[in-house]
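Take a look at the letters that make up each chain.
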Amino acid sequence: MVSYDWIELRTPADYDLLIEVLDPEFDPKGIAQRLKTQFTPATKGILVEHGYVDKDYRSTFYSFYAKMARPYRPDCVRLHFFDGTVWYDEHRTDIACSDLRPQDHYFGYIVLRPTMEATLGRSLLSPDMRLGARGRAIQSIHHANVLGHRLPIWGFPSMTQHVDIAVCAHVCCWAILRYYSETYPKHKEYLLHDITKLAAPFDPGGIVPSLGINVFEAERVFQTADCFPLLVGRRNSSSDEAFFSQFLAYLESGFPLFVEIPSKEHAVVAVGHNWKQSAVPPPASSSHVWTQVETLLTVDDNLLPYASIPLEASPNAAHQPPYAANQFNSFIVALPDKIFYPADAIGVTCQAVKRALESSRDPDLEPLELERYFITTVSKLREHAREYQSLLGDSLVGLLMHLKTAQYVWVIEYCSVRQWQSGHIAARAIVDATASSTDKMPIWVLHDEEVAHVFDRTSAETQPTSIQLSRATHGPLPRMELNLRPVVESYAPTGTSEGGTVTGEDE
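Residues numbered from 1 in each chain as written. Predicted model: local features only at pLDDT ≥ 70, side-chain atom pairs only at ≥ 80, totals over all residues. Heavy atoms only, no water.

Asker: I would appreciate a short explanation of the packing of aromatic side chains in the present structure.
Answerer: Where two aromatic rings form a pair, the distance of their centres and the angle of their planes describe that pair. What the rule picks out here adds up to 26 aromatic pairs. Where Y180 meets Y184, the ring centres are 6.2 Å apart and the plane angle is 55 degrees; that geometry is what we call tilted. With relative accessibility at 4%, the residue Y180 sits in the buried group. By relative accessible area, Y184 is classed as partly exposed at 34%. Every member of this aromatic cluster is reached through a ring pair, and the members are F243, F244, F247, Y250, W290, F328, F331, Y373 and W410. The ring of W444 carries R457 above its face, with NZ or CZ at 5.6 Å from the centroid. (Phe/Tyr/Trp six-rings, centres within 6.5 Å; stacked < 30°, edge-to-face > 60°. Buried < 20%, exposed > 50% of the residue type's maximum accessible area, 1.4 Å probe, protein only. Lys NZ or Arg CZ within 6 Å of the ring centre and 35° of its normal.)

And the structure:
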């Protein structure tokens, strides 16, 4: 039978009240310790939903736990998190809210599995309530049905590994595929036990899943799930610009990355990053904006989601995360079927275009010290153009609205360090993401503040048509931040006013 408890959080110590309302098989002491040390004080109330039926736990229950001599219960507990404007009306069995809009005051949920160990199951939490999370993260809007209310959450799916039926790599594959299925209708939903079966050409029953999977078996999971995975590895153990420029390009494109950390025998999902507060001049050997990244955000099954990870481990840092980006060895990006131009090829194109720009630019202009490239859809490109029409000017916006491109495009941006600091760019190229890596001219449009060069992709002719832009009264070109949503370590939910991707649905 479903029942409810309400816990009011006045201090972090009140998380220990979970010990009084949860049965021991949910590990309430361990869960309370995690929550009070990894959440901001924004959370002021927890609705405890007993008797919850969780589809991912049931998938492992019927195939594994129900076969064991030790009895496991089939139901779970779900914890819902709210800010201080929401409370529980026991008489009406309902949540009440001071402004009658509980949807604006919901932080998300955590499912607890009755497995005694590793009990933190399927979760959807706002990154704004995570201590230390900042920058921008891949998020989509999901919904939970709570006491008859349909409440939205911006976030990324997560859970801890079961240890016995699934380990970290299974959970990483599950999280990425669940994000895709909740965000894009064409993708099928896979339950956690489905992931263990996708990793091998046979049904890996018994203890086999607990032995883990390697990066090639993870690649197989994405292939079998109708994605088009690309495996990118480092050439050496040191910081490798070729590796991390591709890493950041796909991450900024809005693709969550399966990351292998062999030194820790671990895998995580990279979902975001944080730029440095002050722009720094890049070293002579590098011009990619990876040099401007301060930290990464990961979904790690050993931690609550949105852990902030440094680029390099510091031996003297207190409370240091268990790994750093310089320990990443390879990553898998699960691409859609309409992207044929890889990040390493766009890096070569980026340098060729930069040389052409530098040869034709006024030498008195600021140097092109930094470049950045990422994938987006032509729809998002046009949304950006419409939003910043007053800065871009009517002629450039009109050009982008009439441009006939493929669904996906690469965007390359060039700027000086000063322009980067102020959120501006000097020039931008829009490149065909369906082009072949041997294509001599994969560019649709190249423009700066004064002129746009338009290339005819239907012809073998590589000479562009140049269009003078009417921007005399407009400001500098704005940098594009299209695919990742801002994270604000806050004391209140961010609400639902910001647009996003296709809605996901709770069962």
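Having seen it, we continue.
Asker: How do you make sense of the nonpolar core when you look at a structure like this?
Answerer: Where a protein is soluble and globular, its nonpolar side chains tend to be buried together. In terms of nonpolar packing, the biggest core is built from 139 residues, with F247, Y250, F258, F328 and W410 touching the most fellow members. Setting aside its immediate chain neighbours within four residues, F328 contacts R234, F243, F244, F247, V259, E260, I261, L296 and Y323. Core analysis: the next-biggest nonpolar cluster, separate from the first, contains 23 residues, I7, L22, L79 and F107 among them. (Core = buried A, V, L, I, M, F, W, Y, C linked by side-chain atoms within 4.5 Å. Contact = heavy atoms within 4.5 Å.)

Asker: What should I look at first to understand the layout of surface pockets in this one?
Answerer: It is a probe the size of a water molecule, rolled over the atoms, that shows where empty space is left. The computed volume of the second largest pocket comes to approximately 450 Å³. As for the second largest pocket, its lining consists of 20 residues, and the residues nearest its centre are L357, S360, R361, D448 and V451. Those elements that place two or more of their residues in the lining of the second largest pocket are α8 (343-360), β21 (443-447) and β22 (451-454). If you tally residues by element for the lining of the second largest pocket, the top one is α8, at four residues. Broken down by class, the residue content of the lining of the second largest pocket amounts to 10 nonpolar, four polar and six charged. (1 Å grid on protein atoms, 1.4 Å probe; cavity = no way out; pocket = protein on both sides within 12 Å on 5 of 7 lines; lining within 4 Å. Points joined across faces, edges and corners; volume = space filled by probe spheres on them. Helix = DSSP H or I, 4+ residues; strand = E, 2+ residues; numbered from the N terminus. Nonpolar A, V, L, I, M, F, W, Y, C, P; charged D, E, K, R; others polar.)

Asker: Hey, could you run me through helix α11 (residues 394-402) in this one?
Answerer: One turn of an α-helix holds 3.6 residues; hence residues three or four places apart share an orientation. All buried positions along α11 are accounted for by L396, V397, L399 and L400. All buried residues of α11 lie within an arc of 155 degrees about the axis, which places them on one face of the element. Facing away from the buried side of α11 by over 90 degrees, the exposed positions are D394 and H402. (Arc of directions from axis to C-beta.)

Asker: For this particular structure, what's the right way to read the pattern of salt bridges?
Answerer: Two side chains carrying opposite charge are able to pair once their charged atoms lie near each other. Scanning the model with the defined rule gives 24 salt bridges in all. A salt bridge links K55 to E189; the nearest nitrogen and oxygen atoms lie 2.8 Å apart. Within this pair, whereas K55 is found in helix α3 (residues 55-63), its partner E189 is found in the loop between α4 (168-183) and α5 (192-198), the two being separated by 134 residues in sequence. Since its relative accessible area comes to 17%, K55 is described here as buried. Across the pair E371 and K354 runs a salt bridge whose closest N-O atoms are separated by 3.6 Å. In this pair, E371 sits in strand β17 (residues 370-377) while K354 sits in helix α8, placing the two residues 17 residues apart along the sequence. By relative accessible area, K354 is classed as buried at 10%. Within the structure, one salt-bridge network assembled from shared partners comprises R136, E252, R372, E413, R428, R479 and E481. (Salt bridge = Lys/Arg side-chain N within 4 Å of Asp/Glu carboxyl O.)

Asker: Would you mind showing me how to read the packing of helix α9 (residues 378-387) against α11 here?
Answerer: For any two helices packed against each other, the geometry comes down to the angle between their axes and how far apart the axes lie. Where α9 meets α11, the closest approach of the two axes is 10 Å, and the angle between their N-to-C directions is 160 degrees. Relative to α11, α9 is oriented roughly antiparallel. α11 is crossed by α9, and the crossing has left-handed handedness. Packed against α9, whose contacting residues are L381, R382, A385 and R386, the element α11 presents V397, L400, M401 and H402 at the interface. Of the residues assigned to the contact of α9 with α11, the class counts are five nonpolar, one polar and two charged. (Axes fitted to C-alpha atoms, helices over the stretch in contact; angles between N-to-C directions. Parallel < 35°, antiparallel > 145°, perpendicular 65-115°, else oblique. Left-handed = near helix turned anticlockwise from the far one by under 90°.)

Asker: So what exactly am I meant to see when it comes to the environment of Y65 here?
Answerer: Mapped onto the elements of the fold, Y65 is located in the loop between α3 and β3 (76-82). Separated by 100 residues in sequence, Y65 and I165 have C-alpha atoms that sit 9.0 Å apart.

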